[in-house]
Amino acid sequence: MLSFLTVSTQPRNKNFSFKSSNRLFVYNEISRLVNNGFSNVKIVQSMLKDFVERSHSKPSILSRAFYPDERTIRNFIIKFTYQKHQSKIDQNALQIKIEQWKISEPKDNFYFRSFSEEDGIIKQLLFRQKTEWQRYLLNRYANVCFLDATYKTTKYALPLFLLVVKTKVNYSVVAPFFVQCEDSKSIEEGLTIIKSWNTTWSRQYFVTDYCEAEYNAITILHM
């Protein structure tokens, strides 16, 4: 296996701050992209690179003021997405509703983590749900699974994923979940939780969109 290592003689800033106008310039562009519906880290990073190089004489690729790393971009996408939708998504109301569901449907599974930011550490909003009937269908028809992202075709911009199986009569959703950021880490976490609810889940084939984040998440799940 061939590996590459890039060594820089310039110190790398671990924390991305906005003390300069250049950083604020990049910050505003990430916010604009998120407001326009972009939530994929690699796509935002690529569009940001093009924007910077169109707007400035090509700066050093080592400059974190112009080229924040994927982790920084991911954190801002999560933050901006929450700010954009916090008026539409009441986390407290959802938590109350989940508690009601747990009482009325004790055999169903629910997982919810609210968005929070403390000392610069962001925990993104996650929600998973699976009914007893969905667990049964996943165990019975898990040979071929379909992972579909439907948020791009609805009025909601939060990434909504549906895990689907083919039954004897039709296609059925066996696990919906939504995240704040469309990246492999978020998708993989959602699938891992689903796997923990279906310990006998034996999947041989996965069908997905042409999406690197989905492919990487599924690959990690199968490792």
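Residues numbered from 1 in each chain as written. Predicted model: local features only at pLDDT ≥ 70, side-chain atom pairs only at ≥ 80, totals over all residues. Heavy atoms only, no water.

- Under the annotation held in an unreviewed UniProt entry, the protein carries the name ZSWIM1/3 RNaseH-like domain-containing protein and is attributed to Macrosiphum euphorbiae.

### Concerning the overall build of the protein
- Helix and strand content of the protein: seven helices and eight strands.
- Looking at the 223 residues of the protein, the share that counts as buried comes to 41%.
- Considering only contacts within the protein whose residues lie at least 6 apart along the sequence, 60% involve residues at least 24 apart.
- Taken as a whole, the protein presents about 13700 Å² of accessible surface, with 52% of it coming from carbon and sulfur. (Helix = DSSP H or I, 4+ residues; strand = E, 2+ residues; numbered from the N terminus. Buried < 20%, exposed > 50% of the residue type's maximum accessible area, 1.4 Å probe, protein only. Contact = heavy atoms within 4.5 Å. Areas by Shrake-Rupley, 256 points an atom, 1.4 Å probe, with all protein chains shown as cover.)

### Considering the nonpolar core
- Formed by 28 residues in total, the largest nonpolar core has its most connected members in I30, I73 and I77.
- Where this core is concerned, the elements lending two or more residues are helix 1 (21-35), helix 2 (41-55), helix 3 (70-85), helix 4 (91-104) and strand 1 (109-113).
- In this structure I77 touches V34, S39, N40, V41, V44 and C181, once residues within four positions along its chain are discounted. (Core = buried A, V, L, I, M, F, W, Y, C linked by side-chain atoms within 4.5 Å.)

### Observations concerning the side chain of K130
- Tracing the backbone shows K130 in strand 4 (residues 126-130).
- No salt bridge forms around the buried K130; measuring N to O, its nearest opposite-charge neighbour D108 is 10 Å away.
- Only 2.5 Å separates the side chain of K130 from the backbone oxygen of V174, close enough to count as a polar contact.
- Leave out the neighbours within four places in its chain, and K130 touches D108, N109, R135, L138, V174, A175, I194, W197 and N198. (Lys, Arg positive; Asp, Glu negative; His and termini not counted. Salt bridge = Lys/Arg side-chain N within 4 Å of Asp/Glu carboxyl O. Polar contact = N/O pair within 3.5 Å; in protein donor to acceptor, adjacent residues only side chain to side chain.)

### Quick word on the pattern of salt bridges
- Following the criterion strictly, the structure yields six salt bridges and no others.
- For E70, the salt bridge identified is with K42, shortest N-O distance 2.9 Å. Taken together, the residues E70 in helix 3 and K42 in helix 2 connect sequence positions 28 residues apart.

### Some remarks on the packing of aromatic side chains
- Summed over the entire model, instances satisfying the criterion amount to eight aromatic pairs.
- Measuring from centroid to centroid gives 5.5 Å for Y27 and F76, while their planes differ by 85°, and the two rings are edge-to-face. With a gap of 49 residues between them, Y27 in helix 1 and F76 in helix 3 connect regions that are remote in the sequence. The residues Y27 and F76 share a single accessibility class, namely buried. (Phe/Tyr/Trp six-rings, centres within 6.5 Å; stacked < 30°, edge-to-face > 60°.)

### Description of the pairing of strand 6 (residues 160-166)
- Among the seven residues in strand 6, five count as buried, and that is most of the element.
- Strand direction decides the pairing type here: strand 5 (residues 144-149) and strand 6, joined by five bridges, are antiparallel. Along strand 6, the bridge assignment pairs A149 with F161.
- Pairing between strand 6 and strand 7 (residues 171-178): seven bridges, direction antiparallel. Within strand 7, the residue paired with F161 across the bridge is F177.
- Between strand 6 and strand 7, which pair antiparallel one after the other, the connecting turn spans four residues. (Pairing = 2+ DSSP bridges.)

### Focus on the pairing of strand 5
- The alternating pattern of strand 5 places C145, L147 and A149 on a buried face, while none of V144, F146 and D148, on the opposite face, is buried.
- Pairing analysis gives four bridges linking strand 5 to strand 8 (residues 205-208), with the strands arranged parallel. The residue bridging V144 from the neighbouring strand is Y205, located in strand 8.

### Topic: the environment of N35
- Mapped onto the fold, N35 is located in helix 1.
- Along the chain, N35 and F80 lie 45 residues apart, while their C-alpha atoms are 7.8 Å from each other.

### Thoughts on the environment of F146
- Mapping F146 onto the fold places it in strand 5.
- If we skip the residues at most four places from it in the chain, F146 touches L162, L163, V164, K166, Y171 and V207.

### Some points on helix 4
- Here helix 4 is 14 residues long and its end C-alpha atoms lie 20 Å apart, about the 20 Å a rise of 1.5 Å per residue gives.
- Buried within helix 4 we find Q91, L94 and I98. Each buried residue of helix 4 lies within a common arc of 55° when the element is viewed along its axis, so the set occupies one face. Of the residues in helix 4, the exposed ones pointing more than 90 degrees away from the buried face are N92, I96 and I103. (Expected span 1.5 Å × (residues − 1). Arc of directions from axis to C-beta.)

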